[in-house]
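Structure assessment
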Amino acid sequence: MSDPEEEVRREEEEEEERGSKKKKKEKRSGKKKREGDGEGEKPGGEGEQQVEEEEAEAERSESVVLRGIFKLGKKSHDVLLTGTRLTWTPITPETPTGEAACAPQPGVMLLQDVFAVKVKRRRTVGQQSGGAVLGVALFCCRRRGKRLEEDTLHLHNASAEHTQLWYNKIKDLLTGFSSRPRYVKVFINPSSHKKEAVHIYRDHVAPLFKMADVRTDITVTEKKGHALSVMKECKLDEYDGVVCVGGDGSVAELCHAMVLRAQLDADSPVRPVKPVLPLGIVPAGSTDVVSCSVHGVRDPVTAALHIILGHLQEVDMCSFSSLGQLVRFGFSAMFGFGGRSLARAEKRRWMPSARRREYALVKTLARLRPEHCQLSFVPAKETNGILFEQRDQDQDSEREESWTSNQGLYLSISIMSIPCLSPHTPQGLAPNTSLANGSAALTAVSNTSRAEFVKHLKRYSGSSGQFSFSFVETHAVSAVKIRPQSLVGWSEEESDEEGDSKTSPIIQAEGVTFPWNIDGELVEMASEVLVRVHPRLITLYGEEVHEAESTISCSCI
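Residues numbered from 1 in each chain as written. Predicted model: local features only at pLDDT ≥ 70, side-chain atom pairs only at ≥ 80, totals over all residues. Heavy atoms only, no water.

1. Here's the deal with the overall build of the protein
Threshold: Strands here mean DSSP runs of E at least two residues long; helices mean DSSP runs of H or I at least four residues long; both are numbered from the N terminus. Burial here depends on accessible area, computed with a 1.4 Å probe over protein chains only, as a share of the maximum for the residue type. Under 20% is buried, over 50% is exposed, and the range in between is partly exposed. Any pair of residues with heavy atoms lying within 4.5 Å of one another is described as a contacting pair. For every accessible area listed, the method is Shrake-Rupley and the probe measures 1.4 Å; residues are considered covered only by the protein chains on display.
Assigned secondary structure in the protein consists of 13 helices and 21 strands. Looking at the protein as a whole, 46% of its 557 residues qualify as buried. Taking the contacts inside the protein whose residues are at least 6 apart along the sequence as the reference set, 71% of them involve residues at least 24 apart. Summed over all atoms, the accessible surface of the protein reaches about 28,600 Å², with 49% contributed by carbon and sulfur.

2. Considerations on a nonpolar patch on the surface
Put simply, the test is: Here, patches come from residues exposed beyond 30% relative accessible area and free of salt bridges, joined within 9 Å for like charges and within 5 Å for nonpolar side chains (Val, Leu, Ile, Met, Phe, Trp, Tyr). Salt bridge, as applied in this entry: a Lys or Arg side-chain nitrogen positioned within 4 Å of an Asp or Glu carboxyl oxygen.
Together, Val198, Ile218 and Val220 make up an exposed nonpolar region whose accessible area comes to about 210 Å². As for its position among the elements, Ile218 is in strand β9 (residues 215-220).

3. Digging into the side chain of Asn517
For clarity, the threshold we go by: What qualifies as a polar contact is a pair of N or O atoms within 3.5 Å, subject to a donor-acceptor requirement within protein and to the restriction that residues adjacent in sequence count only when both atoms come from side chains.
Checked against the element boundaries, Asn517 lands in strand β19 (residues 514-518). A distance of 2.9 Å separates a polar atom in the side chain of Asn517 from the backbone nitrogen of Gly520. Every residue in contact with Asn517, bar those within four places of it in the chain, is listed here: Ser332, Ala333, Met334, Gly338, Gly339 and Leu342.

4. Description of the nonpolar core
Considering soluble globular proteins, one finds that nonpolar side chains tend to be buried as a cluster. For the record, the criterion: Each nonpolar core is a collection of buried residues, namely Ala, Val, Leu, Ile, Met, Phe, Trp, Tyr and Cys, held together in the definition by side-chain atoms within 4.5 Å.
The biggest cluster of nonpolar side chains holds 35 residues, and the ones touching the most others in it are Met231, Leu254, Leu279, Val315, Met317, Phe331 and Leu540. Elements that contribute at least two residues to this core include exactly β8 (183-188), α5 (226-233), β10 (241-246), α6 (248-266), β11 (279-283), α7 (289-295), β12 (312-322) and β21 (529-541). Top contributing element to this core by residue count: α6, with 6 residues. Those residues in contact with Met231 that lie beyond four places of it in its chain are Phe187, Leu236, Leu254, Ala257, Met258 and Arg261. Judged by nonpolar contacts, the second largest core, of 29 residues, contains Tyr201, Val205, Ala212 and Tyr541.

5. Observations concerning the environment of Gln407
In this fold, Gln407 is placed in strand β16 (residues 404-416). For the pair formed by Gln407 and Leu375, sequence separation is 32 residues and the distance between their alpha carbons is 6.0 Å. Not counting residues within four places of it along the chain, the set of residues in contact with Gln407 comprises His372, Cys373 and Gln374.

6. Quick notes on the packing of α5 against α6
When two helices pack together, their arrangement is given by the angle between the helix axes and the distance between those axes. Selection rule: For every element, the axis is a line fit to its C-alpha atoms; helices are fit only across the contacting stretch, and the angle between N-to-C directions ranges from 0 to 180 degrees. Note that the term roughly parallel is reserved for angles under 35 degrees, roughly antiparallel for angles over 145, roughly perpendicular for angles of 65 to 115, and oblique for everything else. Left-handed is the label given to a crossing in which the near helix is rotated counterclockwise from the far helix by less than a right angle, and right-handed is the label when the rotation is clockwise. Gly is put with the polar residues, along with every residue not named as nonpolar or charged; the nonpolar set is Ala, Val, Leu, Ile, Met, Phe, Trp, Tyr, Cys and Pro, and the charged set is Asp, Glu, Lys and Arg.
Close contact between α5 and α6 brings their axes to 9 Å; oriented N to C, the two are set at 25°. Put simply, α5 runs roughly parallel to α6. α5 and α6 meet at a crossing whose hand is right-handed. Residues His226, Ala227, Leu228, Met231, Lys232 and Glu233 of α5 form the contact with α6, whose own contacting residues are Glu253, Leu254, Ala257, Met258, Leu260 and Arg261. For the contact of α5 with α6, the residue count by class is 7 nonpolar, 1 polar and 4 charged.

7. Some remarks on the packing of aromatic side chains
Keep this limit in mind: Classification of ring pairs uses Phe, Tyr and Trp, with its six-membered ring standing for Trp, and accepts pairs whose centres are within 6.5 Å; under 30 degrees between planes counts as stacked, over 60 as edge-to-face, and the remaining range as tilted. Counted as over-ring charges are cases with an Arg CZ or a Lys NZ within 6 Å of the ring centre that also lie within 35 degrees of the ring normal.
Counted by the stated rule, this structure contains 8 aromatic pairs. Pairing Phe337 with Phe453 gives two aromatic rings, centres 5.0 Å apart and planes at 75°, and the pair type is edge-to-face. With Phe337 in helix α9 (residues 337-346) and Phe453 in helix α12 (residues 450-458), this residue pair connects regions lying 116 residues apart in the sequence. You'll find Phe337 and Phe453 in the same group, each marked buried. Each residue in the set Phe335, Phe514 and Trp516 is aromatic and connected to the rest through ring pairs, giving one cluster. Geometry around Tyr183 places Arg215 over its ring, the cationic atom sitting 4.1 Å from the centre.

8. Re α6
Operational definition: Here, expected helix span is obtained from the residue count minus one, scaled by 1.5 Å.
Its 19 residues give α6 an end-to-end C-alpha distance of 27 Å, which sits within 8% of 27 Å, the value for a rise of 1.5 Å per residue. Of all 19 residues that make up α6, 14 are buried, and the element is covered over most of its length. Looking one or two residues past α6, Asp267 carries a phi angle of roughly 55°, positive in sign.

9. Quick look at the pairing of strand β17 (residues 440-446)
What counts is decided by this rule: Pairing between two strands requires that DSSP report at least two bridges joining them.
Of all 7 residues in β17, 6 are buried, a share of seventy percent or more. Bridge count between β17 and strand β18 (residues 472-484): 6 bridges; the pairing is antiparallel. Within the sheet, the bridge partner assigned to Ala444 lies in β18 and is Glu473.

So, in structure tokens, the structure goes:
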């Protein structure tokens, strides 16, 4: 083909390509307009400008930032880097006949899954720095069911200049993820469960934090209330997040401390205030209900990767008040069977945790008795998130709430603002609620036979049916009041048990007291208890999950 013909052909191809791009842009613009209200904006209006800005942003993020040749394994690949992803395609030679082989499918890695990038070098034994450049290593997370696992992509290239260019550009792109923490305050409870918290953090979490350049300020708690006292005094504006390594008790204390600190900073002693910093939970307890509810698994690596990658999930919380005084903020509370079981377990702290739980369950079932009380609640509304926030701001709005009241004998009453997933209850103690729906699940179990109550409990370890009993009622609520009518409290009833001595409750009340299980912590309270739901009060590192990984079975019932 002559040169003029070649030039004309190129011009025709370029014109055709420009026309194709123009049609695609018009198609996207028309789609955006159809999705908007009415017939779309007028030319040059706000709607069209927004569409153009979105398209420009998409084009910038998907435009090729770098392109180069790297070896993956033993094969050379054409590697493309955009603002959101890395793709690599094997370079295939032409066949002897001059025809290209079938185009292979490119590999893809999203930058949102990459948490670190390092320059690979060849070093001799004992060499701490320097060495011949081998390429770039990208450290990312891969999903295996509910678990997040560390993985590595090795890009080999011996050119130091080429490698450094890619390293710098990928590093710049990773720093653009604003939700990822750079400096966190870490609380470790060395007494949690089997006293493994320090070991778990050192072996599984600290190496990942170091690789991702996450700096840490560590406090190893010495006693109950230590984290609360530290949170009241430390300069939180220095940190990007808070991390708790421990069980449900440690998590409950730290969540309570963070909300109190937010109230203190906002000078709002009455109305709950959302903490500025998110909380990451590394499970190191015996049940880890809150961790399972935002991770799905009791796995420290999964928890660490959620923190490093900045996966944020807003979560509802409850406030628990008695005699007009705030007791604490938390996620769940159990009165009746759940409170009495925990009270018995706390008196057997010398037992292994699993054996202690089974003993408490069997003993409480053997002495099963209902509690006579008045139960009142405010049903949740569909637009609960907005209404609840307005209610919190209006002190007089409680008078306008519509309360429903029942009085009778109850074996168990639970209020939970999260599903409370665990290996023992993979669907959760409250499968009919979620992390941020602005309401709590109220489950009230009326008086029934021991055999029927055991059937109800056993179904929590399965997938469904725990509420399909005539003596079980459930409600989505925004507030709950429980007023015990009995004159015999926990201390008097249990004083005749051999070897039992009265435990030291978090709150000492005069007269009759009743045990409550609030986030796995024993709290003894008297008189009426008021529970209120506060939508999206705290932000946790994690995501919404609907089922926990189950590896534990309980045969005690």
